[in-house]
Amino acid sequence: MPAPSILYHCPCLSTSPVPPPPHLPSSSYSFHPLHTLFFCEECDAVRCNRCVSVEVSGYYCPNCLFEVPSASVRAEKNRCARNCFMCPNCRNTLSVVPSDPPDPGDGRLMVPISAVGEPPFLLYCNYCRWDSSEVGMTFEKPTGLAAQLQKFEDSALDSLEFDRLKEHFEPIIRASSLSSSTLPTQAAHSPHTNPITAAATAALARDIPGVAKYTPLTRSQRGHKDKSANKDEMPQYKSRVDITTASKHGTGGGELDVEMMKRLEDVSEIARLEQRWSLSWTTSIETRDLKPLRIPLHSKRSKRCPACTHILIKPEQKAQSVRFKIKLAAASYLPAIVVALPHRQQALAVESAKRSMVKSTTAPPDEDREGKCELQAGKTYPFNLALSNPLYDPIQVRLSVQRMHVSHSEGAPDKARRPPFAISLPTSPFTISAFAEAWEYEEDDEMFGLDDDEVLEARLRGEKEIKTKPKSVGVLEKKGNTTVIGGEVVIGKEARGNVKFNMLVSFTYRSDDPSPSESNDMGSPSKAGSKVTETKTFAFYTVVDLGAIIPKEEAKYIDDIL
Amino acid sequence: MSIPTTPRSKTSFNPVTPTTKRTAATHIVQSSPHYTTTRRHSLYGVEDRVVIDPGSRVWKVGFSGEGRPREVFYATEGASSLWTLRRAADAAERAEEDRMLEVKMEKCLRSVFHDSLLTDPKARKVIIVEHPLLPIYTKDTLARVLFENLQVPSVSFASSHLLSLLAVGRITGLVLDCGYLESVALPIFASRPLFPQIQTTPLAGSRLHSHLRSLLLLFGTYLPPTSPGPVNIPTASRSMRVPPEILTDSILDELLTRCCFVGEPLLSVSSNDTRDVTPGLDEGSETDLPPSSDATQSESDFSHVGRDSNVSSAQASTSDFSVISDPRTPVGADPRAGGLQGLANLYTRHSTATDLRLRVAPLPGGGGLGYATLIIPGWVRERAAEILFEPGDVDEKSVAEVILDALLKVPLDLRKTMASSILVVGGTPMLPGFIIRLHSELLRAIQPSPFVPRHPVRPDKPPPPQYDRYASLRPLTPYFAIVNNPSPGEPHSDRAKNNAGKAPAFTPATMAWVGASLAGVLKTGGVEVSREKWDEVEPMGGEDSAMGDMSTSTPSQSFHADRDSLHQRNILPDWTRIPLPTGVPSAVTRVGA
Ligand SMILES: [Zn+2]
Ligand SMILES: [Zn+2]
Ligand SMILES: [Zn+2]
Ligand SMILES: [Zn+2]
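Chain B appears in an unreviewed UniProt entry as Actin-related protein 10 from Marasmius oreades. If you open the UniProt record of chain B and go to Sequence similarities (unreviewed entry), you find "Belongs to the actin family."

Chain A appears in an unreviewed UniProt entry as Dynactin subunit 4 from Marasmius oreades. Under the UniProt heading Sequence similarities (unreviewed entry), the entry covering chain A gives this text: "Belongs to the dynactin subunit 4 family."

Next up, the structure:
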């Protein structure tokens, strides 16, 4: 997110309601853009996409938009069972074409057919020109290809071998089910015991050579005559297709693969890892043997509060629809905040004015713009926060900057990196008018002058020309349901890194809830007075990033250029 | 799309294509009718568990009862691995590391359920494929996210080595998992992992990455994109050393998976059949070894570096134009380069592998249009993995030695069984030729030491001491068998014949996942921890008393020191927490010893 920016904290049911300090990398995962957040009314809490419970409320194919009944999703392996395929080379969607295409060599794209054309049919990539006949795949009918293909997936060598393995183990497991039921299955003190262990020990009814029961390290005194069978006396598993056989056909990392690799002329003949790594069965490593891929289904998702399971968002069922039946967006509960750096906006305005006047095609040097826009060490900059109230009642807001915790265990180099800067914000609460439709607003814009105590206080340590400048810390403007707050950052001379700080926003609103029977909420409600004028306070953290500090040396360099 | 007509010895093997099916392969369909598969799913759908193999780089996820994972993905997002075997010493730094790990795990796990599998986590039991050296704070984080964020009903952790054995229909064997951070050999008897006999080495995927990187920096060639303009600068004058920035993790991954393979052991290169390295046979080719002064041999052997790739052979010293490798860095100036140079000479002479060109994104700001080209010498493709096979020392055993050391620890009466049921799994053994080579290296390592010490790949290390470490394993020579060896040679015993190459043709990388899927459908596997159980137990503060003695731990055991997370709940079963019988050294001190 380009600076200046502001993100909102989600406590994610964490034990500490206080967010991590902003300079830690993990901080960025606790903060989110407001529009991605939800609000649970039940818990009176923000919820984010990292913590909500997700439920699938429907499946559809992103290509043909067919809504797939959930009963068949599982058997169809979460992929479209109609005519939707991806090219194994370039992942573009494939078309079904008749096998006697109108001269594919002249560069024209082939037109996908509907029901015309001569069988057999092929899958064809309009983008890279791959076609399924390259891997010996042709189809009698141009419809239901995925279903035809899935039959082969289900009878693929891996699943056949898998079934045989299952048959191999099932009788052993069954034989041991009685004895295994007497064994602890959830005891932490014997974590190795599992039904197969039980099978081996019980069904064979004898000690493991060299490994006596429950004392895996003591040597057995019993000698055993060498047989060619393994000592566990499991029946030998006979593979359906063993690796030796498979590799004689040029799969499986055997000598044929080595020979081919040795003579390889062109890397593109070998399939990329990502194109073959989910194939559990050894396959050819060559690109030319890749099969078309059925297109994975997408899901429509409902999201619930992880704490109380209240629904937060529920999409409309239809695949085409992007609307929601229910949506509890945090943006309709919390004030939206926009951060701006006035000095940068001015610089950009001048910049674009200049550019449109000159109409030159040569771009202005980057340093020029940065010099005016960025934050230089040792200087002081104003910034604005525009807060907008989404509620139908006015709110009272109070801002406070979270103090940076200096960890004792942190070493010197870390200390040097920490950006030393000071933030000034108005400390007293201010109001934001209620949200209303545009035409309902009166022309009641208020511009504020230079009379606040806080301004003076903030300025005392600052420059002398304060009196000549417009006020920068305090309420700057009120317009409609938006109030603009001015703040200021003083950047240290040796500062580096970003001007990034956590800011607590607490706002008091009139509660609509007539029955305050619920237990106290997380938002620390301050119940002022009786039932008549009930107010609640909700507090949330944000992280404000004003941008990178240009260290002194570089700043000087830029000044020299200018 | 034209396919170059290079000579191939391979035949195409596509037994499951529709065309094949229409004609002959009806028996395939009959033996597992689609009908039953579908029906079983709809009847028992929710009972199928979610199976996750969470590697430090790559995750494989899917449903139990299926023969292959639904999805495989990089879990790293730019970093080279999701966790490492070392943690920060500073408490604050470690806390931040833990937070970041949780953030990343949460992201991966949520995406497994919501994007890959499209299933409701509250309705799915989960099986986690657990690698024995998975740091316990990592395991804890996995469990915490699954239970607290996703609210799954139960989680089972099952040993990756045992699961891999299940996938080949066995419950006994010696399993080598050659992953990214480590290679781990663990014997398993009757489904019981013999954890005290576990052997590990850092020679694994990550080391291969960095070795390939150094080889390419020294011997690779980089051609920047052609500059715009009428003059076409000849390739020769564009050639330059490979800028380190080009060799990102993803480029290295691509090189390893699309270009590299494992050649035969060099000592026996002159004999035509290298697979059956039988005693005495490898002495015959001693003369191929260069004298030690070879390290300063002339540059001419390297002049192939800039050659055009349409010349099929990378061999020989014909030089079309000047060489990158070396005028700029005098040979011998860098001892490492000097040593590698000697090896390079040796390998170049014996390698028939072609040089390859790979299109790569050019250096930013380097000028020119389009892609840059990376030229990988054939011998680098063939010999990059030598680093894993070179005899090492106590801290860094070769992948063969780690198997043999495990074997030395196995009770005598189990050794033959273990030696003949070796299973090799993990991502690194996906390299063509890896398993074949490992077999030769096993046999070679147990032969009496040859007269001439072998060339160390790492010149900064002294050659390993010449003592007969594996003499007691020598009688096992005829029995050695890797069950998933794709090209086992002539067997020297019935036992080897019954075992070598008899495993089903699952890939080494997915073996553990397939085993977990099988364990899930058989309702077996690791110990199950339910969510109620998890919720009952409050997180523990302080150290686990069983792990108290950290002072003696060596770097290779540092993962143990990590097993003291503040949030740790002792509910998760873990092999390092098992009380051992008296008189037996604790697992902590045995590991890596
Ligand atoms: Zn959240
Ligand atoms: Zn579709
Ligand atoms: Zn394509
Ligand atoms: Zn709630």
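**Student:** I'm lost on the overall build of chain B in this one. Help?
**Tutor:** A count of helical and extended segments in chain B gives 20 helices and 14 strands. A total of 593 residues make up chain B; the buried ones form 59% of that total. Counted over contacts in chain B with a minimum sequence separation of 6, partners at least 24 positions apart contribute 72%.

**Student:** Help me out: how do you make sense of the coordination of the zinc ion (ligand 1) in this one?
**Tutor:** Under perfect tetrahedral coordination by four donors, a metal shows angles of 109.5 degrees; under perfect octahedral coordination by six donors, it shows angles of 90 or 180 degrees. Residue and element names in this part refer to chain A. Protein-derived ligands of the zinc ion (ligand 1) are Cys10 (SG), Cys12 (SG), Cys48 (SG) and Cys51 (SG), with the metal-ligand distances lying across 2.2 to 2.3 Å. The sequence pattern formed by the donor residues of the zinc ion (ligand 1) is C-x1-C-x35-C-x2-C. Pair noted here: Cys10 is in the loop between strand E1 (5–9) and strand E2 (31–32) and Cys48 is in the loop between strand E4 (45–47) and strand E5 (53–60), with a separation of 38 residues, a long-range link. You'll find Cys10 and Cys48 in the same group, each marked buried.

**Student:** Help me understand the sheet that holds strand E11 (residues 356–360) of chain B in this model?
**Tutor:** Each strand in a sheet pairs with its neighbour through backbone hydrogen bonds, running either in the same direction (parallel) or in the opposite one (antiparallel). Residues and elements named next belong to chain B. Across the sheet, three strands lie side by side as E10-E12-E11; this open sheet has antiparallel pairing. Pairing within the sheet leaves two strands with one partner each, and these edge strands are strand E10 (221–223) and E11. With strand direction ignored, the average angle separating the axes of adjacent strands in the sheet is 25°. Sheet analysis places E10 next to strand E12 (residues 372–376), joined by three bridges and oriented antiparallel. Opposite Tyr222, over in E12, you have Leu374 as the bridge partner.

**Student:** Explain the environment of Pro362 of chain B to me, please; I cannot follow it from the model alone.
**Tutor:** Residues and elements named next belong to chain B. Residue position: Pro362 is located in the loop between E11 and E12. Given a relative accessible area of 28%, Pro362 falls into the partly exposed group. Put simply, Pro362 and Thr373 are 11 residues apart on the chain and 8.1 Å apart in space, counted from C-alpha to C-alpha. In this structure Pro362 touches Tyr222, Pro225, Ile246, Gly370, Tyr371 and Ala372, once residues within four positions along its chain are discounted.

**Student:** How should I be thinking about the packing of helix H13 (residues 399–409) of chain B against helix H15 (residues 434–446) of chain B in this particular structure?
**Tutor:** Helix packing geometry: the angle between the two helix axes and the distance between the axes. All names here are of chain B. At a closest axis distance of 9 Å, the pairing of H13 and H15 adopts a crossing angle of 60°. When the axis of H13 is compared with that of H15, the two are oblique. The two elements H13 and H15 cross, and the hand of that crossing is right-handed. Contact residues: H13 offers Val399, Ala400, Ile403 and Leu404, while H15 offers Phe434, Leu438, Glu441, Leu442, Ala445 and Ile446. Grouping the amino acids of the contact of H13 with H15 by side-chain chemistry returns nine nonpolar, no polar and one charged.

**Student:** Explain the sheet that holds strand E1 (residues 50–54) of chain B to me, please; I cannot follow it from the model alone.
**Tutor:** Residue and element names in this part refer to chain B. Spatially, six strands are ordered E3-E2-E1-E4-E5-E14 in an open sheet, and the strand pairing comes out mixed. The open sheet has two free edges, formed respectively by strand E3 (71–74) and strand E14 (527–530), since each of these has just one partner strand. If you compare each strand with its neighbour and ignore which way they point, the axes differ by 20° on average. Here strand E2 (residues 58–63) runs beside E3; their pairing, made up of four bridges, is antiparallel. When the sheet's bridge partners are listed, Val58 is paired in E3 with Tyr74. Of the strands in this sheet, E1, E2, E3 and strand E4 (126–130) touch helix H4 (residues 91–116), which is tilted by about 35° from E2. Across the sheet, helix H17 (residues 511–521) touches E1, E2 and E4, and the angle it forms with E1 is around 155°.

**Student:** It is not clear to me how the side chain of Arg57 of chain B should be interpreted in this structure. Could you clarify?
**Tutor:** All names here are of chain B. Secondary-structure assignment places Arg57 in the loop between E1 and E2. Looking at Arg57, the relative accessible area reads 8%, which means it is buried. A polar atom in the side chain of Arg57 sits 3.0 Å from the side chain of Asp253. In this view, Arg57 contacts Phe73, Tyr74, Ala75, Thr76, Ser80, Ser81, Tyr180, His209, Asp249 and Asp253; residues no more than four positions away in its chain are not counted.

**Student:** What exactly am I supposed to notice about the nonpolar core here?
**Tutor:** If you look at soluble globular proteins, the nonpolar side chains tend to sit buried side by side. If you look at the biggest cluster of nonpolar residues, it comprises 78 residues, and the most contacted ones within it are Leu212, Leu255, Leu407, Phe434, Leu438 and Phe480 of chain B. No other element matches the seven residues that H13 of chain B contributes to this core. Those residues in contact with Phe434 of chain B, other than ones at most four positions away along the chain, are Cys178, Val262, Leu388, Phe389, Val399, Val424, Thr428 and Pro429 of chain B. Counting residues in hydrophobic clusters, the runner-up holds 56 residues, among them Ile6, Ile337, Ile432 and Val475 of chain A.

Reading the values: rules and limits
- Residues numbered from 1 in each chain as written.
- Chains lettered and ligands numbered in written order.
- Predicted model: local features only at pLDDT ≥ 70, side-chain atom pairs only at ≥ 80, totals over all residues.
- Heavy atoms only, no water.
- UniProt positions renumbered as here; feature names shortened; annotations may be inferred.
- Helix = DSSP H or I, 4+ residues; strand = E, 2+ residues; numbered from the N terminus.
- Buried < 20%, exposed > 50% of the residue type's maximum accessible area, 1.4 Å probe, protein only.
- Contact = heavy atoms within 4.5 Å.
- Donors = N, O, S within 2.8 Å, 3.2 Å for Na, K, Ca; no water.
- Pairing = 2+ DSSP bridges.
- Axes fitted to C-alpha atoms, helices over the stretch in contact; angles between N-to-C directions.
- Parallel < 35°, antiparallel > 145°, perpendicular 65-115°, else oblique.
- Left-handed = near helix turned anticlockwise from the far one by under 90°.
- Nonpolar A, V, L, I, M, F, W, Y, C, P; charged D, E, K, R; others polar.
- Polar contact = N/O pair within 3.5 Å; in protein donor to acceptor, adjacent residues only side chain to side chain.
- Core = buried A, V, L, I, M, F, W, Y, C linked by side-chain atoms within 4.5 Å.

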